[in-house]
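Report on the structure
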Number of protein chains: 2
Amino acid sequence: MSQDDAGVDLGTSLGYLLKETSSVLRAAMEAVLRPLGMTVTHYSCLELLAQRPGLSNSELARGTFVTRQSMNVLLQALERDGYVTRPAEAPVGKALPTRLTPRGRRSLAKASAAVRSVEVRMLSGLTEAEQSAARTTLRSMIRSLREPEEEG
Amino acid sequence: MSQDDAGVDLGTSLGYLLKETSSVLRAAMEAVLRPLGMTVTHYSCLELLAQRPGLSNSELARGTFVTRQSMNVLLQALERDGYVTRPAEAPVGKALPTRLTPRGRRSLAKASAAVRSVEVRMLSGLTEAEQSAARTTLRSMIRSLREPEEEG
DNA sequence: TGACTCATGTCAGCATTCTGACATAGCCTT
DNA sequence: AAGGCTATGTCAGAATGCTGACATGAGTCA
């Protein structure tokens, strides 16, 4: 009675469904990472560094969707515990390239396998075509949300 | 070199893409709700109450993906500011049915229109069929993640 | 009837993240 | 060469959400 007026029907809203999926996925990841003593942001940071070594604090923050201040706190802890290393001085500019240590790599290996199992479970009922379509759809949503009015 | 070993390729991972989409959507919602003096959880609570009046604290918490403790804090603020009302005593059990006040309804109307515009923008590049397929896919993911092993 | 289990509301303390602010390094324009 | 602009790293304080804990009410089962 109000969906066409001003309300947002939560039962069919893709935004709501997106939030729900993200919430359930996060809970599932936390469940498998907890036994390894790792949080989701913790893991995301290591995974990002494995694939793109030398990322700076700010770049890691953008890649894990937190502020650079939060990432800074995390990186200091990871460095203190020997999972990553950063040079004392920046080779260029102010950005400090971060790299995994052997210990960080070992820790990531276990976490990555656990997270992969969660993703496999999440996709278990979907065909390759459906997964590919989902990727295209999500990328379209991101693109539309990032552009205020026009689209190029 | 490691995607098939233990790594999760963030460039194609649906989980990562899901998190990114959710993050961008949340930022867009915050941007339009901030001028109205409302947070996303604040809005979600009111929207939920508009569609399903009489929800309890715990039910609202589940519907907005926060703990019942967090929702309790929010509800106390909303009640104090006159957006919702709760009976002093529970009609049955301990659950207190919450309802929007006229003021809450007015406040929601503006917020709902703003959020709807964000969702419209998000879906602007998608056909109805693509949106429907996305809903089906997301629901499948949620279902798979919630069931430990079997699926019925 | 009484014990057990479960869900709820609520309080207190803790953890994590964010906002605000500042100094510095590189780039671009003049 | 100098000024302005942007990005970065970092510190401090505030806000938000979560975990732990407790008491209460309802349903279940012996």
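Residues numbered from 1 in each chain as written. Chains lettered and ligands numbered in written order. Predicted model: local features only at pLDDT ≥ 70, side-chain atom pairs only at ≥ 80, totals over all residues. Heavy atoms only, no water.

Quick notes on empty space enclosed by the protein
One simple way to see leftover space: roll a probe sized like a water molecule over the atoms. Under the defined criterion, the tally for this structure stands at one cavity of 30 Å³ or more. By volume, the largest cavity amounts to about 50 Å³. Listing elements by their share of the lining of the largest cavity, those giving two or more residues are α6 (128–146) of chain A together with α6 (128–146) of chain B. In terms of residues, the lining of the largest cavity owes the most to one element, α6(A), which gives four residues. Looking at the lining of the largest cavity residue by residue, the classes come out as five nonpolar, one polar and no charged. (1 Å grid on protein atoms, 1.4 Å probe; cavity = no way out; pocket = protein on both sides within 12 Å on 5 of 7 lines; lining within 4 Å. Points joined across faces, edges and corners; volume = space filled by probe spheres on them. Helix = DSSP H or I, 4+ residues; strand = E, 2+ residues; numbered from the N terminus. Nonpolar A, V, L, I, M, F, W, Y, C, P; charged D, E, K, R; others polar.)

Here's the deal with the relation of the copies chain A and chain B
With an RMSD of 0.0 Å, chain A superimposes on chain B once it is rotated by 180 degrees and translated 0.0 Å along the axis. The relationship between the two copies is best expressed as a two-fold rotation axis. Within chain A, A:Ala134 has its C-alpha nearest the rotation axis, a separation of 3.1 Å. A shared interface surface links the copies, since 100% of the contact residues of chain A are contact residues in chain B too. (Least-squares fit on C-alpha atoms with pLDDT ≥ 70 in both. Contact = heavy atoms within 4.5 Å.)

Side note on the protein's contact with DNA strand C
Near DNA strand C there are 20 residues, and of these A:Gln69, A:Ser70, B:Ser58, B:Arg68 and B:Asn72 occur at the shortest range. For DNA strand C, the backbone portion of the atoms within 4 Å of the protein, that is sugar and phosphate, comes to 56%. Measuring from a base oxygen of DNA strand C, one finds a side-chain N or O atom of B:Lys94 at 3.3 Å. Listing elements by their share of the surface near DNA strand C, those giving two or more residues are α4 (68–80) of chain A together with α3 (57–64) and α4 (68–80) of chain B. Looking at the surface near DNA strand C, its residues break down into three nonpolar, 11 polar and six charged. (Near = heavy atom within 4 Å. Polar contact = N/O pair within 3.5 Å; in protein donor to acceptor, adjacent residues only side chain to side chain.)

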